[in-house]
Amino acid sequence: MNPVDDLAAVLDSTSALVAGVSRWDAPTPCPEWTVRELVNHLVLGHRLFTAVLRGEEGGSLDPRTFDALGDDPVAAYRDAVAGLLAAFRQPGVLEQVVEVPAGTVPGIAAVQLRIVEELVHGWDLARATGQEAKFDDAMVEREIAFSAAKLADLPPERSPFAPPVPVAEDAPPLDRLVALLGRSPR
């Protein structure tokens, strides 16, 4: 499957989670963020990657530096998703090299970084709001392989994630991914 199609599917599933939020001030598995701050972080990330892919300067990922959600968080999220997908669908973008917060990467790796970010924070959002995260298991398996390989390349002090958490080998793929990236799926 085309990684941009994977990204579109993940973004669609997370869009449904965002639309289902009833308490924007609820805590999340990211201890420093509320649901609103988590969704704001996703929107800021989508906008940053959109800008970088278009050859523009990206902004901050810290949801406390700028409120990108305004009065309609669901619409802000959907707008950011539309921009991100349009940027990744530009001709040649998957072959170009871009500078993102994780470092200098080819566009194909940048799309996978967004997929992983969306999967993990989609899981966070589902947990925080009592919803079910509905992501394709085969796609999650691909992102487990990608993440495991990329984590091995990062020095521990540069990892944006907590150390892996033990999880059963037969756990659902999403639980294994979030455990790999330091969250407890229990």
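Scroll up to find the structure.
Here is what the cut-offs are and how they apply
- Residues numbered from 1 in each chain as written.
- Predicted model: local features only at pLDDT ≥ 70, side-chain atom pairs only at ≥ 80, totals over all residues.
- Heavy atoms only, no water.
- Helix = DSSP H or I, 4+ residues; strand = E, 2+ residues; numbered from the N terminus.
- Expected span 1.5 Å × (residues − 1).
- Buried < 20%, exposed > 50% of the residue type's maximum accessible area, 1.4 Å probe, protein only.
- Contact = heavy atoms within 4.5 Å.
- Salt bridge = Lys/Arg side-chain N within 4 Å of Asp/Glu carboxyl O.
- Phe/Tyr/Trp six-rings, centres within 6.5 Å; stacked < 30°, edge-to-face > 60°.
- Lys NZ or Arg CZ within 6 Å of the ring centre and 35° of its normal.
- Lys, Arg positive; Asp, Glu negative; His and termini not counted.
- Polar contact = N/O pair within 3.5 Å; in protein donor to acceptor, adjacent residues only side chain to side chain.
- Core = buried A, V, L, I, M, F, W, Y, C linked by side-chain atoms within 4.5 Å.
- Pairing = 2+ DSSP bridges.
- Axes fitted to C-alpha atoms, helices over the stretch in contact; angles between N-to-C directions.
- Parallel < 35°, antiparallel > 145°, perpendicular 65-115°, else oblique.
- Nonpolar A, V, L, I, M, F, W, Y, C, P; charged D, E, K, R; others polar.

(A) The arrangement of helix α2 (residues 35-53) in detail. Helix length check: α2, at 19 residues, gives a terminal C-alpha distance of 27 Å against a target of 27 Å (1.5 Å per residue), a fit within 8%. Within α2, 16 of the 19 residues are buried, which leaves it mostly tucked inside the rest of the structure. Note on α2: the residue one or two positions beyond its end, Gly 55, has a positive phi of about 80 degrees.

(B) A look at the environment of Ala 179. As for its placement among the helices and strands, Ala 179 is situated in helix α6 (residues 173-180). Under the relative-accessibility criterion, Ala 179 is labelled buried at 0%. Remark: the alpha-carbon pair of Ala 179 and Val 120, spanning 59 residues in sequence, is separated by 9.7 Å. Once residues lying within four places of it in the same chain are set aside, the contact partners of Ala 179 are Pro 164, Val 165, Val 167 and Pro 185.

(C) Layout of the environment of Ala 148. Looking at the element boundaries, Ala 148 is found in helix α5 (residues 137-153). Here the alpha-carbon distance between Ala 148 and Asn 40, two residues 108 residues apart in the chain, equals 27 Å.

(D) Spotlight on the pattern of salt bridges. Within the structure shown, the criterion is met by 6 salt bridges. Salt-bridge contacts for Asp 25 lead to Arg 23; the nearest nitrogen and oxygen are separated by 3.1 Å. Its relative accessible area of 52% is what places Asp 25 among the exposed residues. In this structure Arg 23 comes out as partly exposed when scored by relative accessible area, which is 46%. Between Arg 64 and Glu 37 there is a salt bridge, and its shortest N-O distance comes to 3.6 Å. Of this pair, Arg 64 sits in the loop between α2 and α3 (73-88) while Glu 37 sits in helix α2, and the two are 27 residues apart along the sequence.

(E) Structural context of the packing of aromatic side chains. Across all of its chains, the model carries 0 aromatic pairs by this definition. The lysine or arginine in question, Arg 114, covers the ring of Phe 49, its NZ or CZ lying 4.9 Å from the ring centre.

(F) Structural context of the side chain of Glu 118. Mapped onto the elements of the fold, Glu 118 is located in helix α4 (residues 107-129). Here Glu 118 sits buried without a salt bridge, and the closest side chain of opposite charge, Arg 114, lies 4.4 Å off (N-O distance). In this structure the side chain of Glu 118 is engaged in a polar contact, spanning 3.4 Å, whose partner is the side chain of Thr 14. Sequence-distant contacts of Glu 118, defined by excluding residues within four places in its chain, comprise Val 10, Leu 11, Thr 14, Leu 42, His 46, Tyr 77 and Phe 135.

(G) Inspection of the nonpolar core at higher detail. Grouped together as the largest cluster of nonpolar side chains are 57 residues, with contacts concentrated most on Leu 7, Tyr 77, Phe 88, Leu 119, Leu 125 and Leu 177. Ranked by the residues each element gives to this core, the list is headed by α4, at 11 residues. In contact with Leu 125, not counting residues within four places along its chain, are Leu 17, Val 18, Val 21, Val 35, Leu 38 and Val 39.

(H) Representation of the pairing of strand β2 (residues 103-106) in the model. Of the pairings in the sheet, the one linking strand β1 (residues 97-100) to β2 comprises 4 bridges and is antiparallel in character. Among the inter-strand pairings, Val 98 is bridged to a residue of β2, identified as Val 105. Counted along the chain from β1 to the antiparallel partner β2, the turn is 2 residues long.

(I) A look at the packing of α4 against α6. Look at α4 against α6: their axes get within 10 Å of each other, and the N-to-C directions meet at 105 degrees. The angle between α4 and α6 places the two elements in the roughly perpendicular class. From α4, Leu 119, Val 120 and Trp 123 reach across to α6, where they touch Leu 174, Asp 175, Leu 177 and Val 178. The residue inventory of the contact of α4 with α6, partitioned by class, reads 6 nonpolar, no polar and 1 charged.

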